[in-house]
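# Coordinates in review
Spelled out, the chains give:
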Amino acid sequence: MLASFSLTGCKESGHAHAHAEEEEEESQLLLTNPIRRDTDLKHEFVCQIRSCRNIEIRALERGYLEKIFVNEGQLVKVGDPMFKILALAYQAELKSAEADAKVAQVKYENTKRLTETSVVSDKELAMAKAEWDDKLAAVNLKQAHLGFTDIKAPFSGLMDRLRLRNGSLVNEGDLLTTLSDNSEMWVYFNVPEAEYLEYASHEQSEESKQVSLIMANGQVFNQKGRINVIEGEFDNRTGTIQFRADFPNPDRLLRHGETGNIQMTKALKNVVLIPQKSTFELDGEHYAFTVDKDEILHQVKLTVTDELEDLFVVGSGVTESDRIIFEGLRQAHDGAKAHEYEFVKSEEAYKHLKLKAE
């Protein structure tokens, strides 16, 4: 039914309203009710995705890169050989140190026999023992340097690109590649101070700590994450604090350095919801029109506590028993009388809401 309504007893509020009345004295007026129900409020935050372990593989010794055992993008296991640096010089140094240690051992053993027959003093024996220990320490050091020429994977992970090739001269500290453990991903996102206070001031259930990850292609990642870390300090420049959510990554789909959006869900219990299209904004405040039992329109101020996609969560101003203007808002005036209108049940009115506040 195309219903009409008459506006009587209201004051002119400006040229725009007067022009609208002159152009169309009868307009369609649709009413409905606010609704009260449980719902979920979803907030999204831009995030940075990091591997739980991401390290640089660097050369610990100088030499020529003799062998590369891995390929770019390869998944390696802990202990797998990755690089070998030409070790001839270190092998020669090790043999020399072992020979010196052998000489020191023979000297110590001879001194010990002479000490047993009181030919030499205990002090000389102690000095011989110290010399042998010193030579053994040199052997251990050379073995360690030689071991540094064989570079193995410190943990299982995914290789990045190779920075050097076979035959390259490698200096101590040169970057060879990076290795990422992508079995679990650490996702960092910045939360505004007000939302942090809302989150931290209440004891969070296990369910409320669960978050979703919307990937760069718009799809939702197939694993749920959990908020495990909140940093200790706010960034004064942005007024935010960083949260960290941890996501299992069994299929290795996520990789170090990706971006996306974290979606946090807040459960709202028994709240009043009103369509955004049923409201208007004036001087930074939200208002709606209600229709009382005498069919008089009243402009009421709303306290909006949260915003959904096409609904407002209202703390005060209207209740689920009020009748509000659903359509025809632009022609409504405070104090006007609505003679005829159409009432739409909330189930139908809220079925396909896409419009925002006027």
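Worth saying up front: this structure is predicted, and the values here are computed from it rather than measured.

What follows covers the nonpolar core. Residues F189, L213, I227, F247, I262 and M264 are the most contacted members of the largest nonpolar core, which totals 20 residues. Contributing elements (two or more residues each) for this core: β2 (35–58), β9 (175–192), β10 (210–215), β12 (240–248) and β13 (259–275). Residues in contact with I227, not counting those within four places in the same chain, are F189, Y199, K209, V211, F243, R244, A245 and M264. Listed in part, the 16 residues of the second largest apolar core include A59, I85, F155 and M159.

Right, let's talk about the environment of E307 for a bit. Mapping E307 onto the fold places it in strand β16 (residues 297–307). When the C-alpha atoms of E307 and M127 are compared, they prove to be 82 Å apart, with 180 residues separating the residues in sequence. Residues contacting E307, with those up to four places away along its chain left out, are L41, Q276 and F312.

Summed over all chains, the structure comprises 16 salt bridges. When the shortest N-O distance is used, the salt bridge between D181 and R53 registers 3.0 Å. With D181 in strand β9 and R53 in strand β2, this pair connects stretches of sequence that are 128 residues apart. Take D181: its relative accessible area is 7%, and that puts it in the buried class. When its relative accessible area of 39% is taken as the criterion, R53 is described as partly exposed. Each of E198, K266 and D306 takes part in salt bridges that share partners, so that together they form one network.

One ladder, built from four bridges, connects strand β14 (residues 279–282) with strand β15 (residues 285–291); its direction is antiparallel. Considered in β15, the bridge of T279 is made with A288. Hairpin connection of β14 to β15: two residues between the antiparallel strands, including D283 at a positive phi of 55°.

Right, let's get into the sheet that holds strand β6 (residues 150–152). Spatial strand order, β6-β5-β3-β8: four strands in an open sheet with antiparallel pairing. Each end of this open sheet is capped by a strand with a single partner; those strands are β6 and β8 (169–170). Where strand β5 (residues 81–85) and β6 come together, three bridges link them in antiparallel fashion. Following the sheet pairing, F83 is matched in β6 by I151.

Considering all chains together, one arrives at nine aromatic pairs under this definition. Ring pairs connect the aromatic residues F45, F189, Y196, Y199, F234 and F243, which therefore count as one cluster. Cation over ring: R244 sits above W186, and NZ or CZ is 3.8 Å from the ring centre. Over the ring of F326 we find K277; its NZ or CZ atom is 4.5 Å from the centre of that ring.

Our focus in this paragraph is the environment of G79. As for its placement among the helices and strands, G79 is situated in the loop between β4 (75–76) and β5. Overall, the relative accessible area of 37% leaves G79 in the partly exposed class. The sequence separation of G79 and A153 amounts to 74 residues, and the corresponding C-alpha distance is 5.0 Å. With residues near it in sequence (within four places) discarded, G79 still touches K152 and A153.

Taken as a whole, the largest pocket encloses approximately 740 Å³ of empty space. Lining the largest pocket we find 31 residues, and of these Q204, S208, T265, K266 and A267 sit closest to its centre. Of the residues in the lining of the largest pocket, the class split is 10 nonpolar, 10 polar and 11 charged.

The next point concerns the confidence of the model for the protein chain. Mean pLDDT for the protein chain: 86, with 90% of residues reaching 70 or above. Under a pLDDT of 50 for its full length, residues 1–26 has, in the predicted model, 48 contacts with residues more than four places off or in other chains.

Take E342: it is sitting in strand β19 (residues 342–343). The exposure class assigned to E342 is partly exposed, which follows from its relative accessible area of 23%. Residues E342 and E327 lie 15 residues apart in sequence; the distance between their C-alpha atoms is 9.9 Å.

Definitions and cut-offs
Residues numbered from 1 in each chain as written. Predicted model: local features only at pLDDT ≥ 70, side-chain atom pairs only at ≥ 80, totals over all residues. Heavy atoms only, no water. Core = buried A, V, L, I, M, F, W, Y, C linked by side-chain atoms within 4.5 Å. Buried < 20%, exposed > 50% of the residue type's maximum accessible area, 1.4 Å probe, protein only. Helix = DSSP H or I, 4+ residues; strand = E, 2+ residues; numbered from the N terminus. Contact = heavy atoms within 4.5 Å. Salt bridge = Lys/Arg side-chain N within 4 Å of Asp/Glu carboxyl O. Pairing = 2+ DSSP bridges. Phe/Tyr/Trp six-rings, centres within 6.5 Å; stacked < 30°, edge-to-face > 60°. Lys NZ or Arg CZ within 6 Å of the ring centre and 35° of its normal. 1 Å grid on protein atoms, 1.4 Å probe; cavity = no way out; pocket = protein on both sides within 12 Å on 5 of 7 lines; lining within 4 Å. Points joined across faces, edges and corners; volume = space filled by probe spheres on them. Nonpolar A, V, L, I, M, F, W, Y, C, P; charged D, E, K, R; others polar. pLDDT = per-residue confidence, 0-100.

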